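The primary structure of each chain is shown beneath.
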Amino acid sequence: MKFFIDTANLDQIREAHDLGVLDGVTTNPSLMAKEGIKGEAAILKHYADICDIVDGDVSAEVFSTDFKSIVEEGKKLAAIHPNIVVKVPMIKEGVKAIKWFSENGIRTNCTLVFSAGQAILAAKAGAAYVSPFIGRIDDSNWDGVELIAQISQIYSLQGFKTEILAASIRSALHIVKCAEVGADVCTCPLDSILGLLKHPLTDIGLAKFLDDAKKM
Ligand code: E4P
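Here the structure is a predicted model, which is why all the values come from computation and not from measurement. (Residues numbered from 1 in each chain as written. Predicted model: local features only at pLDDT ≥ 70, side-chain atom pairs only at ≥ 80, totals over all residues.)

1. Looking at the overall build of the protein chain
Across its full length, the protein chain holds 11 helices and eight strands. By the compact-globule yardstick of 17 Å for 216 residues, the protein chain fits well, its C-alpha radius of gyration being 19 Å. Expressed as a percentage of its 216 residues, the buried residues of the protein chain come to 38%. In the protein chain, the proportion of contacts linking residues at least 24 apart, taken out of those at least 6 apart, comes to 54%. (Helix = DSSP H or I, 4+ residues; strand = E, 2+ residues; numbered from the N terminus. Rg over C-alpha atoms; globule rule 2.2 N^0.38 Å. Buried ≥ 20, exposed ≤ 12 C-beta atoms within 10 Å, placed from the backbone. Contact = placed C-beta atoms within 7 Å.)

2. Considering the site of the ligand
Residues in contact with the ligand, as listed here, are Asp-6, Thr-26, Asn-28, Thr-111, Ser-131, Phe-133, Gly-135, Arg-136, Ala-167, Ser-168 and Thr-187. Grouping the amino acids of the shell around the ligand by side-chain chemistry returns two nonpolar, seven polar and two charged. (Near = placed C-beta within 6 Å. Nonpolar A, V, L, I, M, F, W, Y, C, P; charged D, E, K, R; others polar.)

3. Let's talk about the environment of Glu-15
The residue Glu-15 is located in helix 1 (residues 10-19) in this model. Residue class for Glu-15 comes out partly exposed when judged on the 15 C-beta atoms lying within 10 Å of it. Residues Glu-15 and Gln-118 lie 103 residues apart in sequence; the distance between their C-alpha atoms is 34 Å.

4. Topic: the sheet that holds strand 7 (residues 163-166)
Remark on secondary structure: sheet strands pair via backbone hydrogen bonds, oriented parallel or antiparallel. The strand order 1-2-3-4-5-6-7-8 describes a closed barrel built from eight strands, whose pairing is parallel. Strand-to-strand twist in this sheet, taken as the mean axis angle between neighbours without regard to direction, amounts to 30 degrees. Relative to strand 8 (residues 185-188), strand 1 (residues 2-6) runs parallel, the two being bridged by four bridges. Bridging from a neighbouring strand, Phe-4 pairs with Thr-187 of strand 8. The strands touched by helix 3 (residues 40-53) are strand 2 (24-26), strand 3 (57-61) and strand 4 (84-89); relative to strand 3, the strand with the most contacts, the crossing angle is about 165 degrees. Taken strand by strand, helix 4 (residues 67-78) contacts strand 3 and strand 4, and its axis lies near 155 degrees from that of strand 4. (Pairing = 2+ DSSP bridges. Axes fitted to C-alpha atoms, helices over the stretch in contact; angles between N-to-C directions.)

5. Some remarks on unusual backbone geometry
Even without a glycine there, the phi angle at Leu-112 is positive, about 65 degrees. Tracing the sequence through the fold places Leu-112 in strand 5 (residues 108-113). Using a count of 19 C-beta atoms within 10 Å as the deciding quantity, one classes Leu-112 as partly exposed.

6. Observations concerning the environment of Ile-43
Relative to the assigned elements, Ile-43 resides in helix 3. Here the alpha-carbon distance between Ile-43 and Ser-59, two residues 16 residues apart in the chain, equals 13 Å. The residues contacting Ile-43, other than those within four sequence positions of it, are Met-32 and Ile-37.

7. Some remarks on the pairing of strand 3
Of all the five residues making up strand 3, five are buried; the element is thus mostly covered by neighbouring parts of the structure. Here strand 3 shows two buried faces, one formed by Asp-57, Ser-59 and Glu-61 and the other by Val-58 and Ala-60. Bridge count between strand 3 and strand 4: four bridges; the pairing is parallel. Opposite Glu-61, over in strand 4, you have Lys-87 as the bridge partner.

8. Let's talk about the nonpolar core
Note that soluble globular proteins tend to have their nonpolar side chains buried in a common cluster. Val-86, Ala-122, Val-130 and Ala-166 are the most contacted members of the largest nonpolar core, which has 57 residues in total. When residues in this core are grouped by element, the largest group, five residues, is from helix 8 (residues 144-158). Ignoring any residue separated from it by four or fewer positions in sequence, one finds Ala-166 in contact with Pro-132, Ile-134, Ile-148, Cys-178, Ala-183, Val-185 and Cys-186. (Core = buried A, V, L, I, M, F, W, Y, C linked by C-beta atoms within 7 Å.)

Structure below.
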């Protein structure tokens with residue numbers, strides 16, 4: 001399973017990259033706005049800066065909602081760097097655009113996916129990645145990990161090549177559960193990645209080893 005970091009914060013991207021386990025980055029308009037990125041030039045530069053740090057796929061989301069504008073915006077994003085993956089919302093015009101991008105050599109990440117039916121449509125249109133939002137599903141009293149399991153079963157039965165990118169991760173446990181049920185990628189906040197390190201027995205064991213090391 002690949003690890004992407006879900007942020008537009010360059011310091012956090014560097015920190016995850018320095019850990020040596022980072023395979024890519026996802027962003028969205030909310031994450032970009034949080035970093036104060038405004039205007040087309042600044043947006044394109046910020047994605048280029050991310051691509052300079054990480055040698056892996058970087059999802060850059062369009063904010064157009066009609067086919068023609070999504071295609072124009074996506075072409076500009078894809079031109080920034082070969083690792084840019086154009087992130088397109090699961091709407092009718094978005095599905096049409098994903099199909100166009102897949103026929104024109106531009107990889108896409110279909111975002112805002114909340115059902116297996118939407119995931120089938122994204123795969124049929126040729127998305128490189130599909131992003132089910134498991135945390136937001138859990139927030140609505142449904143089971144996000146169950147959706148990943150369902151999509152994973154459907155994709156493997158049907159031979160779909162689209163990679164399942166579990167998004168909206170809220171905890172280290174979410175990452176483990178997504179790995180168990182066949183997610184190809186987890187995109188996580190830095191805290192969830194670092195949360196995988198934690199176990200009290202590791203801390204207790206290390207304290208004892210360091211104590212005994214003084215006697216050596
Ligand atoms: C990433 O692809 C998604 O946009 C992101 O994981 C959504 O996360 P959130 O539900 O925490 O906003």
